[in-house]
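Okay, here's what each chain looks like letter by letter:
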Amino acid sequence: MATTNLSAYDKATIPNASSLRFGIVVSEWNPEITQNMRKGAVETLLDCGAKEENIITWDVPGSFELVYGCKKMIETQNVDAVIAVGNVIQGETKHFDFVCDGVTQGIVDLNIKYDTPVIFCVLTDNTKQQSIDRSGGKLGNKGVECAVAAIKMAALRQI
Ligand SMILES: Nc1c(NC[C@H](O)[C@H](O)[C@H](O)CO)[nH]c(=O)[nH]c1=O
Ligand SMILES: CC(=O)[C@@H](O)COP(=O)(O)O
């Protein structure tokens, strides 16, 4: 059963992001996918009131490096939330499993260790087409979904 549209959101249900700072850490693997998600995330943050100067974007080599990149973003950039953007596609070997497990557990650990939410914007797909469909294709854009999550979690952090 395919997922629902990832890009649907109701601004009336989203806090205003005008006072919030966001970090976005983007994997360079599969850039045609990750750049589309980054673009969707930035456009959504801006649409919900975020200021362009309050969105800091860094690149890392691959999804496995997202964990360290998000760690440094939290430690040095005074952000209210971080969006980790990556795309892992199954190849011939078990490497897919280890990368996915590593980035997943690493982001979980960051959410436990730091008081800054890290949003899991990592597509872990069987095929390239699945990734295309979820990064601005027929199923929407994961970056949009994760930008909304980042705003909501940043607002929760301020309680
Ligand atoms: N195959 C994919 C990778 N592999 C690279 C790792 O993420 C990592 O950079 C390397 O193992 C060095 O530590 N990364 C992705 O993001 N997507 C892939 O499909
Ligand atoms: C997720 C990966 O690292 C994978 O795309 C690499 O491909 P392979 O498993 O064929 O080496």
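Rules used throughout
- Sequence order sets the numbering: in each chain, residues are counted from 1 along the sequence as written.
- Whichever chain is written first becomes A and whichever ligand is written first becomes 1, with later ones labelled in order.
- Only residues with pLDDT of at least 70 get local features here, since the model is predicted, and only at 80 or more are side-chain atom pairs given and counted; chain-wide, interface and lining totals rely on the full set of residues.
- With hydrogens and water set aside, each side-chain value is computed from the structure's full complement of heavy atoms.
- UniProt positions are given in the numbering used here, feature names are shortened, and annotations may be inferred rather than shown by experiment.
- Burial here depends on accessible area, computed with a 1.4 Å probe over protein chains only, as a share of the maximum for the residue type. Under 20% is buried, over 50% is exposed, and the range in between is partly exposed.
- To qualify as a helix, a DSSP run of H or I must reach at least 4 residues; to qualify as a strand, a run of E must reach at least 2; elements of each kind are numbered from the N terminus.
- Two strands are said to pair when DSSP picks up at least two bridges between them.
- Looking down the strands as they point away from the viewer, one classifies a crossover as right-handed if the path from the first strand across the helix to the second runs clockwise.
- The span one expects for a helix is its residue count, reduced by one, times 1.5 Å.
- It only takes one pair of heavy atoms within 4.5 Å for two residues to be counted as in contact.
- Angular values range over 0 to 180 degrees, each being the angle between N-to-C directions of two axes fitted as lines to C-alpha atoms, with helices fitted over their stretch in contact.

Looking at an unreviewed UniProt entry, one finds the chain named 6,7-dimethyl-8-ribityllumazine synthase and attributed to Pseudotenacibaculum haliotis. Under the Sequence similarities (unreviewed entry) heading, UniProt states for the chain: "Belongs to the DMRL synthase family." The UniProt entry for the chain carries this comment under Function (unreviewed entry): "Catalyzes the formation of 6,7-dimethyl-8-ribityllumazine by condensation of 5-amino-6-(D-ribitylamino)uracil with 3,4-dihydroxy-2-butanone 4-phosphate. This is the penultimate step in the biosynthesis of riboflavin."

Asker: How do you make sense of the pairing of strand S3 (residues 81-89) when you look at a structure like this?
Answerer: Looking down a regular strand, the side chains alternate between one sheet face and the other. Counting buried positions along S3 yields eight of nine residues, so the element is predominantly enclosed. As paired strands, strand S1 (residues 22-27) and S3 are joined by five bridges and run parallel to one another. Residue Val 25 lies in a different strand from S3, and its bridge partner there is Ala 84. Bridging between S3 and strand S4 (residues 118-125) involves eight bridges; their strand directions are parallel. Following the sheet pairing, Ala 84 is matched in S4 by Phe 120. The parallel pair S3 and S4, bridged by helix H3 (residues 95-113), forms a crossover whose chirality is right-handed.

Asker: Help me out: how do you make sense of helix H5 (residues 142-157) in this one?
Answerer: Under the 1.5 Å per step criterion, the end-to-end length of H5 is 22 Å for 16 residues, consistent within 8% with the ideal 22 Å. The inward-facing, buried residues of H5 abut S1, helix H1 (31-47), S3, S4 and strand S6 (140-141).

Asker: Teacher, can you tell me more about the sheet that holds S3 here?
Answerer: Note: strands within a sheet are paired through backbone hydrogen bonds, in either parallel or antiparallel orientation. With parallel pairing, the four strands of this open sheet are ordered in space as S2-S1-S3-S4. With partners counted over all chains shown, the strands left at the sheet margins are strand S2 (55-60) and S4, one partner each. Within this sheet the neighbouring strands show an average axis-to-axis angle of 15°, counted without direction. The pairing of S1 with S2 spans six bridges and is parallel.

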